[in-house]
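Read off the chains here:
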Amino acid sequence: MVRGIRSAGVLMIATATVAACGGASGNAGAAGSVAPPAVAPTPPASSAPASPTPAQTGNRPDTVRRALAAMSVEEKVGQLFMPVLNGTSADSAAEGNQTSFGASTPAKVIAKYHLGGVILFPGNIKSVSQVVSLTNGMQKASKRVPLLIGTDQENGLVSRMSALVTDLPGASVVGATRNTGLAREAAKATGAELKALGVNLDFAPVADVNIDPKNPVIGKRAFGDDPARVAQMVAASVKGFHDAGVAATAKHFPGHGDTRTDSHTGLPVIKHTRAQWASLDAPPFKAAIGADVDAVMSAHIVMPKLDPSGDPATLSKPILTGLLRDKLGFDGVVSTDALNMEGVRKKYNDGEVAVRAVLAGADLLLMPPSLPKAYGAVLAAVKSGRISQQRLDASVTRLLELRHKRGFLKAAPVASAAQAAKVLRSAEHRRLAARIERAGR
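A brief structural summary. From a predicted model like this one, the values you see are computed outputs, not experimental measurements. (Residues numbered from 1 in each chain as written. Predicted model: local features only at pLDDT ≥ 70, side-chain atom pairs only at ≥ 80, totals over all residues. Heavy atoms only, no water.)

**Describing helix H5 (residues 106-113)**
In step 1: Within H5, 6 of the 8 residues are buried, which leaves it mostly tucked inside the rest of the structure.
In step 2: Pro106, Ala107, Val109, Ile110, Lys112 and Tyr113 are the residues of H5 that are buried.
In step 3: Just past H5, the residue His114 takes up positive phi, approximately 55 degrees. (Buried < 20%, exposed > 50% of the residue type's maximum accessible area, 1.4 Å probe, protein only. Helix = DSSP H or I, 4+ residues; strand = E, 2+ residues; numbered from the N terminus.)

Okay, structure coming up:
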């Protein structure tokens, strides 16, 4: 996502160039250089819903199976995407939406592309009542299933909602406390404030082990440099988010902690052997999976000892499917990091990147630089058979199950400005922030 992390200024799509990885300084780089089409193509007319395969329907909740069966192919493809939209109101036109998406308001973009989710940035945020109205309005625009509304609220350096929420210490301070109870309380408080605003998915906690102290992109965003301690803190944080009823995301798989290259502006190469990965990078992700984490975010990094192809992990089937799914046993949602980051755009065009991410094992395609191109490419790949119906159904099923597990598949959550005003920056949460600061010294 973009730098200027603490800023609550206007943020349009051209400047929201890096996604949930959330770099700490400098400019985003790549995505701003890609001009969106002058007129976004309209997605093809919906075809009849395709029957889900047995592999996607067996042992699934009835609500998930019914929701999947009711969707057309076009709707299923839309469920994979989570862009950032311009504006502070669901139903008001905002500069950039028409050019980028062929629709003037967030609500119209959601309906046009059958979006599964939207991610919020500081440019979407003015006040508590305004954000509540925005999230409620976007939920109303999603006719098939409730939206996943996400943000990057790691606390500390990456705090997209900092204009409204409690200023809780970042992961490095929480890690320094060596107190998993405080880690859980911090995540619960963050989750409670996000939920009060209508946000149901946080792209946190960071599960990277900050092995290189000069790492320019992780640093203080990590709980520390000890894999065992980071693993404990990550697991506690996941449980805290769940205590609050918010979905959690462990990032950035297979581990972004040992590099001096920022994946927002370049493609890092980490030369860990498989044994080194297992001992240094994997423990926090194993712990997150053990805590029933909802999603795992991929990293735009190359680990040649894990996959010699040279493709970043986001596009690597040996890493996302072979390691994360098969070896670690994760069956939740795999999210890409922002697809407009330079690290994932070195070898392939923006439509092909989206297709290859799905083929590698990703379920949620975060912030494509051109939603029309990415949506069109994935839809074409499904219709040609390059992405099988079974593969598409598997991703949509996981996204539906995430909603089911967090309690908002049957009906969209409705936020209340009055309730949010009581929760955000409450005295209890401010006292918690002070306790963590003292304990982390």
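**Looking at the packing of aromatic side chains**
In step 1: Applying the stated criterion across every chain, the model contains 4 aromatic pairs.
In step 2: An angle of 90 degrees between the planes, with centres 5.1 Å apart, marks the rings of Phe253 and Phe285 as edge-to-face. Within this pair, whereas Phe253 is found in strand E7 (residues 247-253), its partner Phe285 is found in helix H10 (residues 274-290), the two being separated by 32 residues in sequence. Accessibility assignment for this pair places Phe253 and Phe285 in one class, buried. (Phe/Tyr/Trp six-rings, centres within 6.5 Å; stacked < 30°, edge-to-face > 60°.)

**A closer look at the nonpolar core**
In step 1: With 131 residues, the main nonpolar core has Phe81, Phe253, Leu365 and Val378 as its most contacted residues.
In step 2: Once residues within four sequence positions are removed from consideration, Val378 is found in contact with Val77, Leu80, Phe81, Ala354, Val355, Leu365 and Ile387. (Core = buried A, V, L, I, M, F, W, Y, C linked by side-chain atoms within 4.5 Å. Contact = heavy atoms within 4.5 Å.)

**Topic: the sheet that holds strand E6 (residues 201-202)**
In step 1: With respect to topology, 6 strands assemble into an open sheet ordered E2-E3-E6-E7-E8-E9, the strand pairing being parallel. The open sheet terminates on both sides in strands that have one partner only, identified here as strand E2 (117-119) and strand E9 (333-335).
In step 2: Two strands pair when backbone bridges link them, and strand E3 (residues 148-151) and E6 are joined in this way by 2 bridges, in the parallel orientation. Looking across to E6, one finds that Gly150 is bridged to Leu201.
In step 3: H10 rests against E7 and strand E8 (295-298) of the sheet, and its axis sits at about 170 degrees to E7. (Pairing = 2+ DSSP bridges. Axes fitted to C-alpha atoms, helices over the stretch in contact; angles between N-to-C directions.)

**Comments concerning helix H12 (residues 350-360)**
In step 1: Extensive coverage of H12 is indicated by the burial of 9 of its 11 residues.
In step 2: Buried within H12 are the following residues: Asp350, Gly351, Glu352, Val353, Ala354, Val355, Ala357, Val358 and Ala360.
In step 3: Residues of H12 that are buried in the fold lie against helix H11 (317-327), strand E10 (365-366), helix H13 (371-384) and helix H14 (389-405).
In step 4: Structurally, the start of H12 carries an N-cap: the backbone nitrogen of Gly351 is 3.1 Å from a side-chain oxygen of Asn349. (Polar contact = N/O pair within 3.5 Å; in protein donor to acceptor, adjacent residues only side chain to side chain.)

**With respect to the pattern of salt bridges**
In step 1: Within this structure, the stated rule accounts for 21 salt bridges.
In step 2: Across the salt bridge formed by Arg325 and Asp363, the nearest N and O atoms sit 2.6 Å from each other. Separated by 38 residues along the polypeptide, Arg325 in helix H11 and Asp363 in the loop between H12 and E10 bring together distant segments of the chain.
In step 3: The exposure class assigned to Asp363 is buried, which follows from its relative accessible area of 0%.
In step 4: Through salt bridges that share partners, Asp152, Glu154, Arg160, Arg221 and Lys251 make up one connected network. (Salt bridge = Lys/Arg side-chain N within 4 Å of Asp/Glu carboxyl O.)

**Describing the pairing of E3**
In step 1: Alternating positions in E3 separate into two faces, Leu148 and Gly150 on one and Ile149 and Thr151 on the other, with burial throughout.
In step 2: For the crossover from E2 across helix H6 (residues 128-141) to E3, the handedness is right-handed. (Right-handed = clockwise from strand over helix to strand, strands pointing away.)

**Section: the pairing of E8**
In step 1: Side chains of E8 alternate between two faces, with Ala295 and Met297 and Val296 and Ser298 buried alike.
In step 2: Examined bridge by bridge, E7 and E8 share 4 bridges and lie parallel to one another. What sits directly across from Lys251, in E8, is Met297.
In step 3: Here E8 runs beside E9; their pairing, made up of 3 bridges, is parallel.

**Describing the packing of helix H8 (residues 180-197) against helix H9 (residues 227-243)**
In step 1: Close contact between H8 and H9 brings their axes to 7 Å; oriented N to C, the two are set at 35 degrees. The hand of the H8/H9 crossing is right-handed. Across from Thr180, Ala183, Arg184, Ala187, Lys188, Thr190 and Gly191 in H8, the residues of H9 making contact are Gln232, Met233, Ala236, Ser237, Lys239, Gly240, Phe241 and Asp243.
In step 2: Residues belonging to the contact of H8 with H9 are distributed by class as follows: 5 nonpolar, 6 polar and 4 charged. (Left-handed = near helix turned anticlockwise from the far one by under 90°. Nonpolar A, V, L, I, M, F, W, Y, C, P; charged D, E, K, R; others polar.)

**What to know about the environment of His404**
In step 1: Here His404 shows up in helix H14.
In step 2: If we skip the residues at most four places from it in the chain, His404 touches Pro61, Thr63, Val64 and Leu409.

**So, the environment of Ser162**
In step 1: Note on placement: Ser162 falls in the loop between strand E5 (158-159) and helix H7 (171-177).
In step 2: Spatially, the C-alpha atom of Ser162 lies 8.2 Å from that of Pro122, the residues being 40 residues apart in sequence.

**Comments concerning the side chain of Lys112**
In step 1: Of note, Lys112 is situated in helix H5.
In step 2: In this structure the side chain of Lys112 is engaged in a polar contact, spanning 3.0 Å, whose partner is the backbone oxygen of Phe101.

**Here's the deal with empty space enclosed by the protein**
In this approach, a probe sized like a water molecule rolls over the atoms, and the result shows the empty space that is left.
In step 1: In total, this model carries 2 cavities of 30 Å³ or more according to the counting rule given.
In step 2: Taken as a whole, the largest cavity spans an internal volume of roughly 170 Å³.
In step 3: Taken together, 18 residues line the largest cavity, and the ones lying closest to its centre are Glu154, Asn155, Pro205, Phe223 and Ser237.
In step 4: Mapped by element, the contributors of at least two residues to the lining of the largest cavity are strand E4 (153-155), H7, H8 and H9.
In step 5: Among the elements that take part in the lining of the largest cavity, H8 stands out by supplying 4 residues, more than any other.
In step 6: A per-class count over the lining of the largest cavity returns 11 nonpolar, 5 polar and 2 charged.
In step 7: Considering only enclosed or pocket space, the second largest cavity measures out at about 40 Å³ in volume.
In step 8: Gln153, Asn155, Val165, Thr166, Leu168, Ala189, Thr190, Glu193 and Leu194 together form the lining of the second largest cavity.
In step 9: Only E4 and H8 provide two or more residues apiece to the lining of the second largest cavity.
In step 10: The biggest single contributor to the lining of the second largest cavity is H8, with 4 residues.
In step 11: Taken together, the residues of the lining of the second largest cavity sort by class into 4 nonpolar, 4 polar and 1 charged. (1 Å grid on protein atoms, 1.4 Å probe; cavity = no way out; pocket = protein on both sides within 12 Å on 5 of 7 lines; lining within 4 Å. Points joined across faces, edges and corners; volume = space filled by probe spheres on them.)

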